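The residues making up each chain are set out below.
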Amino acid sequence: VQLQASGGGLVQAGGSLRLSCAASGRAFSDYFMGWFRQAAGKEREFVAAISRSAVLMYYADSVKGRFTISRDNAENTVLLQMNSLKPEDTAVYCCAAVALIPIERIQSASAYDYWGQGTLVTVSS
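My aim in this report is to walk through the structure given alongside it, one point at a time.

Each value, and the rule that gives it
- Within each chain, residues carry numbers counting from 1 in the order of the written sequence.
- Where totals are concerned, whole chains, interfaces and linings use all residues; where local detail is concerned, this predicted model gives features only for residues with pLDDT of at least 70, and gives and counts side-chain atom pairs only at 80 or more.
- Side-chain metrics rest on all non-hydrogen atoms present in the structure, leaving aside hydrogens and water.
- Strands are treated as partners if at least two bridges between them are detected by DSSP.
- Secondary structure is summarised from DSSP: a helix means a run of H or I of at least four residues, a strand means a run of E of at least two, and numbering begins at the N terminus for each.
- Inter-axis angles, ranging from 0 to 180 degrees, are taken between N-to-C directions of lines fitted to C-alpha atoms, where helices are fitted over the stretch in contact.
- The disulfide criterion is simple: two cysteine sulfur atoms within 2.5 Å.
- Summary of the burial criterion: residues with accessible area below 20% of their type's maximum are buried, those above 50% are exposed, and those between are partly exposed, where the area comes from a 1.4 Å probe applied to protein chains only.

**Topic: the sheet that holds strand E3 (residues 17–24)**
Read from one edge to the other, the open sheet built from four strands follows the order E1-E3-E8-E7, with strand pairing classed as antiparallel. The sheet is open, and its two borders are formed by strand E1 (2–6) and strand E7 (67–72), each paired with just one other strand. For this sheet, the mean inter-axis angle between neighbouring strands, taken without regard to orientation, is 15°. Strand direction decides the pairing type here: E1 and E3, joined by five bridges, are antiparallel.

**Looking at the state of the cysteines**
Tallying each qualifying case throughout the model produces one disulfide. Here Cys-21 engages in a disulfide with Cys-95; their sulfurs sit 2.1 Å apart. Linking Cys-21 and Cys-95, the disulfide has an S-S dihedral of approximately 65° and is accordingly described as right-handed. Of the two residues, Cys-21 is situated in strand E3 and Cys-95 in strand E9 (residues 91–98); the sequence distance between them amounts to 74 residues. With respect to burial, Cys-21 and Cys-95 carry one shared label: buried.

See the structure below:
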């Protein structure tokens with residue numbers, strides 16, 4: 001599966017952005033999807049993930065209550081709605097996919113097999 005993230009940009013603190021990840025190739029609904037981010041000089045970190053049927057969603061504590069992950073299997077798209085953005089949310093955001101993943105590894109980037117190019121989110125104070 002090929003992934004392409006988009007929707008990043010510059011926003012003031014407290015603002016909102018919606019990221020989109022478009023998938024092509026093998027059936028999108030076969031994949032568990034995740035969003036990760038990497039700030040300058042920092043390690044990649046888990047943001048959110050969603051199960052194949054969109055029944056289960058998972059969030060990092062740092063974004064819980066502010067970010068919402070969703071997917072549209074008919075449109076081969078996963079979205080990340082980001083509200084109440086903070087300067088510390090500034091990072092390159094990437095989407096990732098994996099067919100099967102143990103629940104204990106959902107937040108581990110190494111568990112994902114496919115990655116898209118990132119999209120830069122900059123939150124000004």
